[in-house]
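# Summary of the model geometry
Below, each chain spelled out in residue letters.
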Amino acid sequence: MDRPGAVAALRSALAAFERAWAGADDRWCVALSGGADSLALTAVAAELKPTTALIVDHQLQPGSAEVAQTARRQALQLGCVAARILRVQVGTAGGPEAAARTARYEALSTARGEAPVLLGHTLDDQAETVLLGLGRGSGPRSIAGMRPHDPPWYRPLLGVRRSVTVAACAELGLTPWQDPHNADPRFTRSRLRTEVMPLLEEVLGGGVAEALARTAAALREDTDALDELAARELRRVVVGGEEGGETGAATGLDARALERLPTAIRRRVIRVWLLDGGAANLSDHQIRAVDTLVTGWRGQGGVAVGSPLRRQRLIAARRDGVLRLHREPV
């Protein structure tokens, strides 16, 4: 039996999360890297429900196969009903961190079946995510950080400090893997973790991580409310297609009706319309450029937006007072 402390805190956090968000699921998966956060999460998750550990081997470091096998053995010893190693090929799109994340989530999504996936992100990870969003100037949606529940992804430890997961592993006699990438200055997030956050804590007198996490939570509430209002307005300003049906490339937006909306609502309407029409990886700059077709109309040409199209571009353009999407060859 472990003494009351970090493990008890994790059990309490996971039990509360399960009651709030995941009570209907009779089993779940845990994304296990072998690090302290995911290892501690796996230990308490396996006590609560039948748990399958999904271990992604990115094959980016020497000995990654051995790290994955060790994590698999630990998962089974902790009581997981199964533990699977998922070997992936990491591409280059978006840089090494983004490419690894894309490969990881694709593998987890395929392997999970219908089960939800628990992720070991902590309050410290949330604070780092907020800082990244601030630095990139990518708007309130990114500063709002990670959602605790974003099916099929669930993050029950977003209110728990990383130090608690490390202490929990010590209480349980577990030896977590120390990922060298977490201290590699080549990676932006690792520098935030090892250089920026300690400096902010020192300069501002502590409590910075918690404050950033609170900021994210408040922004998520605001963003959710504005998104709901935007969804209502989208139904009012859409033209073409069937009323009440899905928006997309076959529909347009009434530019005059759009212009009368508050800026925060109007840009959200544009964002959803673009995504429904096939856009992907939208930037704040692209959304603002499309918004200019509404608020700064001078007869200008269309705006290219991000999309998965090959040898074609997705263009948002205004004609006869209506915004529409069309494709052009590259």
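Everything numeric here is computed off the predicted structure, so don't read it as measured data. (Residues numbered from 1 in each chain as written. Predicted model: local features only at pLDDT ≥ 70, side-chain atom pairs only at ≥ 80, totals over all residues. Heavy atoms only, no water.)

### Notes on the sheet that holds strand β4 (residues 117–118)
Put simply, the rule is: Between any two strands, at least two bridges found by DSSP are needed for them to pair. Starting at the N terminus, helices and strands are each numbered in turn, a helix being any DSSP run of H or I of at least four residues and a strand any DSSP run of E of at least two. It only takes one pair of heavy atoms within 4.5 Å for two residues to be counted as in contact. Interaxial angles span 0 to 180 degrees and are taken between N-to-C directions of axes, which are lines fitted to C-alpha atoms, for helices over the stretch in contact.
Strand order across the open sheet formed by 6 strands is β3-β2-β1-β4-β6-β5, with mixed pairing between neighbours. Sheet topology places β3 (82–87) and β5 (149–150) at the edges, where each strand pairs with a single neighbour. Taken together, the 4 bridges between strand β1 (residues 28–31) and strand β2 (residues 51–57) define a ladder with parallel strand orientation. Within β2, the residue paired with A31 across the bridge is L54. Against the sheet, helix α3 (residues 64–77) makes contact with β2 and β3, and its axis sits at roughly 165° relative to β3, the strand it touches most.

### Quick look at the pattern of salt bridges
Note the cut-off: When a carboxyl oxygen of Asp or Glu lies within 4 Å of a side-chain nitrogen of Lys or Arg, that pair is called a salt bridge.
For the coordinates displayed, the defined rule picks out 22 salt bridges. A salt bridge links E128 to R162, with the nearest nitrogen and oxygen atoms 3.2 Å apart. Of the two residues, E128 sits in helix α5 (residues 123–136) while R162 sits in helix α7 (residues 162–172), which places them 34 residues apart along the sequence. Residue R288 pairs with D284 through a salt bridge whose shortest N-O separation is 2.7 Å. Pair noted here: R288 and D284 are both in helix α12 (residues 284–295), with a separation of 4 residues, about one helical turn.

### Some details on the UniProt feature "binding site: ATP" (unreviewed entry) in the chain
The condition is simple: UniProt positions are given in the numbering used here, feature names are shortened, and annotations may be inferred rather than shown by experiment. Here the term buried applies to any residue with accessible area under 20% of the maximum for its type, exposed to any over 50%, and partly exposed to those in between, with areas from a 1.4 Å probe on protein chains only.
According to UniProt, the "binding site: ATP" (unreviewed entry) feature falls on S33, G34, G35, A36, D37 and S38. Structurally, G34 can be placed in the loop between β1 and α2 (36–48). A relative accessible area of 3% places G34 in the buried class. Those residues in contact with G34, other than ones at most four positions away along the chain, are L39, A71, P176 and W177. As for its placement among the helices and strands, G35 is situated in the loop between β1 and α2. Discounting residues that sit within four places of it in the chain, G35 has contacts with P176 and W177.

### A look at the nonpolar core
The cut-off we apply is this: Throughout, nonpolar core names a set of buried Ala, Val, Leu, Ile, Met, Phe, Trp, Tyr and Cys residues whose side chains join them through atoms within 4.5 Å.
Counting 32 residues, the largest nonpolar core has L10, L14, L32, I55 and L118 as its most contacted members. At 8 residues, α2 tops the list of elements feeding residues into this core. Counting 23 residues, the second-largest nonpolar core is a separate cluster that includes L234, I265, A279 and A316.

### Some points on the sheet that holds strand β8 (residues 252–254)
Reading across the sheet, the 5 strands line up as β7-β8-β11-β10-β9 and stay open at both edges, with antiparallel pairing between neighbours. On the outer flanks of this sheet lie β7 (238–239) and β9 (303–305), each paired with one strand and no other. The pairing of strand β10 (residues 312–319) with strand β11 (residues 322–329) spans 8 bridges and is classified as antiparallel. By the bridge assignment for β11, A317 is matched with R324. Against the sheet, α12 touches β9, β10 and β11, its axis set at about 150° to β9.

### Observations concerning helix α1 (residues 6–21)
In an α-helix there are 3.6 residues to a turn, and that puts residues three or four apart on one side. We count it as follows: Take the number of residues in a helix, subtract one, and multiply by 1.5 Å to get its expected span. Directions from the helix axis toward the C-beta atoms define the arc.
Across its 16 residues, α1 extends 22 Å between first and last C-alpha, which sits within 8% of the 22 Å expected from 1.5 Å per residue. Regarding α1, the residues found buried are A6, V7, L10, A13, L14, F17 and E18. Looking straight down α1, one finds its buried side chains confined to an arc of 135°; they lie on one side. Turned more than 90 degrees off the buried face of α1, the exposed positions are R19 and A20. The secondary structure elements touched by the buried residues of α1 are β1, α2, β4, β6 (153–154) and α7.

### Here we look at the pairing of β2
Successive side chains on a regular strand alternate, one facing one side of the sheet and the next facing the other. Where we set the bar: Note on handedness: a crossover is taken as right-handed if, strands pointing away from the viewer, the path from the first strand over the helix to the second is clockwise.
Of all the 7 residues making up β2, 7 are buried; the element is thus mostly covered by neighbouring parts of the structure. The alternating pattern of β2 places T51, A53, I55 and D57 on one face and T52, L54 and V56 on the opposite face, and all of these are buried. Handedness of the crossover joining β1 and β2 through α2: right-handed. Both β2 and β3 contribute to a ladder of 6 bridges, which runs parallel.

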